[in-house]
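Here's the letter readout for the chains.
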Amino acid sequence: MTRHGLHRVTRLRTAPRRRAIAVGVVGGAVVAGIVATMMPLLASDDLSIRAAADTTATAVSQDGDNAAKSTLATCPTRCDGNPRGGREAVIEFAVTMVPAAAVNLRATLRVHAWQQFAATVTAHASPLSAREARPALASAGDELDSLSAVSSGFNEWDISKLVTGNGTWTVSLAQSGLESPIYWASVDNRNPDLRPSLVVSYDIGAAPSSPPTVRPTPSASPATSVPKPSPTTGPPSATAGGCGSVSDKLVPSCGAWWGMYSPAGAAGGWDHGKAVTDVETQVGRRFDIVHRYHDFSNAGSNGAFPDAYELRQSREGRLLFFAWESRDFSAGTTLTWADVYSGRHDATIDAVAGRVRAVGVPVFLGFDHEPEDEPTKGSDADFVRAWRYVHDRFTSAGTTNAVWVWTMMGWSGHYSRYAGLYPGDRYVDWVAYDPYNFHVCNGSTVWKSPSTTVGAFYDWLDDSGIGAGKPRMLAEFGTNFNSADLGAKRRWFQEVPAALRAHPKIKAAIYFNSAGMTSRTASCDMTMNHDASAVAGFAQAGQDPYLRQPTGGSR
């Protein structure tokens, strides 16, 4: 997720990215011995689609032209005393990525309002064009769903009766019960997170004669108490002969690294070492990778990295992962990618390259993780140019121990952009993404297994060919708890090793242990250690042989 180090700006997406990393890929269990006459159904992730166009159907001159006003409006026929003041919001979606085998398709329209209103708003199939400025009102199509009140924030309508698969679908919103206009965010809103979206989910149905080939969903393991630290144990003996080596790009010969982002805070004196060791004590093992976020200030622990904490962590056998953001955390300023490749910050780049070189061992380094979520920094091409510029200056400085990690959100809504954001195989060593099981933290009610959470973008990478042959990393991952099933988070963690085995190109998984990514509420807490049950599950996962590399030290 987007975060900016110690002095970060928390940005919670109400749009479903972050519940949604997936289009048309399958995860889930196939029960052995399925009878040939049965059709197995496999749960897919959600597909979040931005509106292709929208407009307001009205005869009122001040509404309906998005070139002049970036809102949609609804109002009954009699509105603010005008007997011809009716308005309907008209929204068009282009659905293109639902697979042919999709069944039980469900489509939810999400539109943002800024205030609460005591009004009924009904979604209809629309005969109007959403690409026309101020079209005339027409007879509404079939009624799809209705809300009896408007909430501040996103409002949702079930329009599954309209959206039956791929195609262009247009819906209108009609208002009654309140004779004053309600304004909604349009596709032209300056904040992309507020724009209308369509969330499509479905199951995958296989033909009875050819059951689908899918990765098995890991089964839940029994709960255990938090283990005490133990010596490193290797993978099962069947593969032990090939394990124990690490490439110059930090790829373990088998299994996967187990890592942690654990932020320091003022209450702990900004002790970045203790922030990690405290968690290690809780879970009974040392982490393979320690992840930190740094900025371009070239000062203090934020910018003059690696700092003393990281150098000690490296000496103690942990691998370092620097997520380097083109910002100044303390000042709250953001650089553009053009600022980076213009040469204005060469002194900072060169200073960091020198300190990284001096570490003397390979370290993970990522430049501007999740760039697809940084519209103010420049274009996708600007990002690629800045990445290559930084990479080349490191090479010129002789900093060959930097292992370059390209980290994306992995959201289906950005699939079309990833090829344009990829700097090229020569500039990338690992391909990483940030999958989460947000559950209700972002308004969803879906609980995703670890295999489903990590599988969508993994499969998309396979299909796209981006970064083919390169190791993959979960640069961040995490899960909420389930207030209706307080053991679910423990079981989720217990299932992670099996999910990683089922996705063997993932060679590192790093938990993002911060509540700052979302709002901590009675039903939302993404931290690993928010209760003893969750800690027990995470500790058990970390003791799995797949995640305990036989490479020395006390992991």
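Each remark here, short or long, concerns the structure printed above.
In this report, we go over the structure that sits alongside the text.

Reading the values: the criteria
- Residues numbered from 1 in each chain as written.
- Predicted model: local features only at pLDDT ≥ 70, side-chain atom pairs only at ≥ 80, totals over all residues.
- Heavy atoms only, no water.
- Buried < 20%, exposed > 50% of the residue type's maximum accessible area, 1.4 Å probe, protein only.
- Helix = DSSP H or I, 4+ residues; strand = E, 2+ residues; numbered from the N terminus.
- Pairing = 2+ DSSP bridges.
- Core = buried A, V, L, I, M, F, W, Y, C linked by side-chain atoms within 4.5 Å.
- Contact = heavy atoms within 4.5 Å.
- Disulfide = S-S within 2.5 Å.
- Axes fitted to C-alpha atoms, helices over the stretch in contact; angles between N-to-C directions.
- Salt bridge = Lys/Arg side-chain N within 4 Å of Asp/Glu carboxyl O.

## Here's the deal with the pairing of strand 5 (residues 87–95)
Then step 1. Counting buried positions over the 9 residues of strand 5 gives 8, a clear majority of the element.
Then step 2. The pairing of strand 3 (residues 53–58) with strand 5 spans 6 bridges and is classified as antiparallel. The residue of strand 5 that forms the bridge with Thr58 is Arg87.
Then step 3. In terms of strand pairing, strand 5 meets strand 10 (residues 167–176) through 7 bridges, oriented antiparallel. Bridging across to strand 10, Phe93 finds its partner in Trp169.

## A look at the nonpolar core
Then step 1. Ranked by internal contacts, the top residues of the largest apolar core, which has 69 residues, are Phe394, Trp406 and Tyr418.
Then step 2. Not counting residues up to four positions away in its chain, the partners in contact with Phe394 are Trp324, Ile349, Val352, Ala353, Val356, Leu365, Thr399, Ala402 and Trp404.
Then step 3. Formed by 32 residues, the second largest nonpolar core is a distinct cluster that contains Val95, Val98, Ala107 and Leu109.

## Some thoughts on the pairing of strand 20 (residues 430–433)
Then step 1. Burial of the side chains of strand 20 extends over both faces: Trp430 and Ala432 are buried on one face and Val431 and Tyr433 on the other.
Then step 2. The pairing of strand 19 (residues 402–408) with strand 20 spans 4 bridges and is parallel. Considered in strand 20, the bridge of Thr407 is made with Ala432.
Then step 3. Alignment of strand 20 against strand 22 (residues 472–479), held across 3 bridges, turns out to be parallel. Looking at the pairing, Val431 lines up with Arg472 of strand 22.

## Considering the state of the cysteines
Two cysteines whose sulfur atoms are joined by a covalent bond form what is called a disulfide.
Then step 1. Tallied over the full model, the rule gives 2 disulfides.
Then step 2. At a sulfur-sulfur separation of 2.0 Å, the disulfide partner of Cys441 is Cys524. On the S-S bond that ties Cys441 to Cys524, the torsion sits near 110°, and the link is right-handed. You can see Cys441 sitting in the loop between strand 21 (436–437) and helix 9 (450–464) and its partner Cys524 sitting in the loop between strand 23 (506–512) and helix 11 (532–542), a full 83 residues away along the chain. One exposure class covers both Cys441 and Cys524, and it is buried.

## Notes on the sheet that holds strand 7 (residues 120–125)
Then step 1. Ordered by their spatial adjacency, 5 strands build an open sheet running 3-5-10-7-8, and the pairing between neighbours is antiparallel. At either margin of the open sheet sits one strand with a lone partner, and together these are strand 3 and strand 8 (143–147). Between one strand axis and the next, the sheet turns by 20° as a mean value, whatever way the strands run.

## Structural notes on the pattern of salt bridges
Then step 1. Scanning all chains against the criterion turns up 21 salt bridges.
Then step 2. In this structure, the salt-bridge partner of Arg292 is Glu310, at a minimum N-O distance of 3.7 Å. Of this pair, Arg292 sits in strand 14 (residues 289–294) while Glu310 sits in helix 4 (residues 308–315), placing them 18 residues apart in sequence. Just as Arg292 is buried, Glu310 falls in that class too.
Then step 3. A salt bridge links Arg472 to Asp462; its shortest N-O distance comes to 2.8 Å. Within this pair, whereas Arg472 is found in strand 22, its partner Asp462 is found in helix 9, the two being separated by 10 residues in sequence.
Then step 4. The class for Asp462 is partly exposed, based on a relative accessible area of 30%.

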